[in-house]
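Inside the fold
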Amino acid sequence: MLLDRRHSFFQNLLRGIPLQYLLREAHFFNSRFYVNEDVLIPRSETELLVEDALDLIRQKKYQSVADIGTGSGCVALSLLTESNEDLRVFAVDIDQKALDVCAVNAFRLANKKPRGSSLELLLGDRVSPLATKVDLIATNPPYIDEDADRAGVHFQTDQWEPKKALYLEGESYKDWFEELFKTSYDKLNNNGAFLMEGHENKLSLLAPLAKKYFSKVQLKIDYSQADRFLLAFKDE
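Because the structure is a prediction, the values reported are computed rather than measured.

Cut-offs applied
- Residues numbered from 1 in each chain as written.
- Predicted model: local features only at pLDDT ≥ 70, side-chain atom pairs only at ≥ 80, totals over all residues.
- Heavy atoms only, no water.
- Buried < 20%, exposed > 50% of the residue type's maximum accessible area, 1.4 Å probe, protein only.
- Helix = DSSP H or I, 4+ residues; strand = E, 2+ residues; numbered from the N terminus.
- Pairing = 2+ DSSP bridges.
- Right-handed = clockwise from strand over helix to strand, strands pointing away.
- Axes fitted to C-alpha atoms, helices over the stretch in contact; angles between N-to-C directions.
- Parallel < 35°, antiparallel > 145°, perpendicular 65-115°, else oblique.
- Left-handed = near helix turned anticlockwise from the far one by under 90°.
- Contact = heavy atoms within 4.5 Å.
- Nonpolar A, V, L, I, M, F, W, Y, C, P; charged D, E, K, R; others polar.

Before going further, it helps to examine the pairing of strand S4 (residues 88-93). For S4, a buried count of five out of six residues is recorded, marking the element as mostly surrounded by other parts of the structure. Looking at chain direction, strand S3 (residues 64-68) and S4 are connected through five bridges and run parallel. Its bridge partner being in S4, valine 65 is matched across the sheet by valine 89. Regarding the hand of the β-α-β motif, the stretch spanning S3, helix H4 (residues 74-82) and S4 is right-handed. Sheet topology note: the S4/strand S5 (residues 118-123) ladder contains six bridges and is parallel. Across the sheet, valine 92 pairs through a bridge with leucine 122, a residue of S5.

The structure is reproduced here in structure tokens:
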């Protein structure tokens with residue numbers, strides 16, 4: 001029986017199923033997260049987004065955060081468990097199956113959560129489920145242009161990870177992000193911040209759209225020196 005299980009495991013590896021899905025686990029920041037095919041596999045680059053968010057929480061004494069497109073909850077739960085501040089965190093996703101994965105991870109990491117902090121899971125598109133304004137919005141949304149850039153996506157990612165979390169149609173790409181910027185601005189408290197991971201070839205095109213709403217917008221690079229993050233700030 002053990003030999004059969006090993007045979008099946010290695011056969012699935014040969015098929016290209018990502019190791020994290022086979023193990024049902026991925027490491028992110030300082031925790032291990034349950035993952036399955038309903039959520040993206042957490043990437044190390046996204047840890048930079050968490051680091052920037054934690055810095056802002058410390059500096060500005062933010063008390064409320066929304067993670068839009070939470071998936072496994074790796075961003076929301078890392079902010080919740082790593083911050084020294086008591087936080088009210090909202091984990092939002094358009095897919096109930098993704099929220100179910102987030103709920104598993106919330107249970108697994110409950111002992112790391114400060115007593116004064118809270119987590120609320122919300123189902124819906126982008127910021128629409130938020131009933132209250134927040135100090136910080138962090139998001140790793142779908143940002144691959146399906147028409148222009150899908151051919152360059154690694155076959156494992158394209159074949160096994162959830163399409164809804166990866167791709168946007170090219171013809172609606174800019175409109176989708178402008179709506180995200182506009183509605184996120186409206187959902188932020190004064191002096192709030194918006195942090196987004198994005199496509200290295202698209203962020204310079206999206207920044208002018210964000211500047212239509214936010215007083216300050218900047219791009220930041222990842223480990224490979226490519227544009228990877230858009231940071232925007234709302235003044236009083």
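Let's pick the thread back up.
Right, let's talk about the pairing of strand S6 (residues 134-139) for a bit. For S6, a buried count of six out of six residues is recorded, marking the element as mostly surrounded by other parts of the structure. As defined by bridge partners, S3 adjoins S6 across four bridges and the pair is classed as parallel. Directly across from isoleucine 68, in S6, lies its bridge partner threonine 139.

A word on the packing of helix H9 (residues 173-187) against helix H10 (residues 203-211). If you want to describe how two helices pack, look at the angle between their axes and the distance between the axes. At their nearest, the axes of H9 and H10 sit 9 Å apart, and the two run at 40 degrees to each other. Relative to H10, H9 is oriented oblique. As for the relative orientation of H9 and H10, their crossing is right-handed in sense. Touching Tyr173, Lys174, Phe177, Glu178 and Phe181 of H9 are Leu206, Leu209 and Ala210, all from H10. For the contact of H9 with H10, a count of residues per class yields six nonpolar, no polar and two charged.

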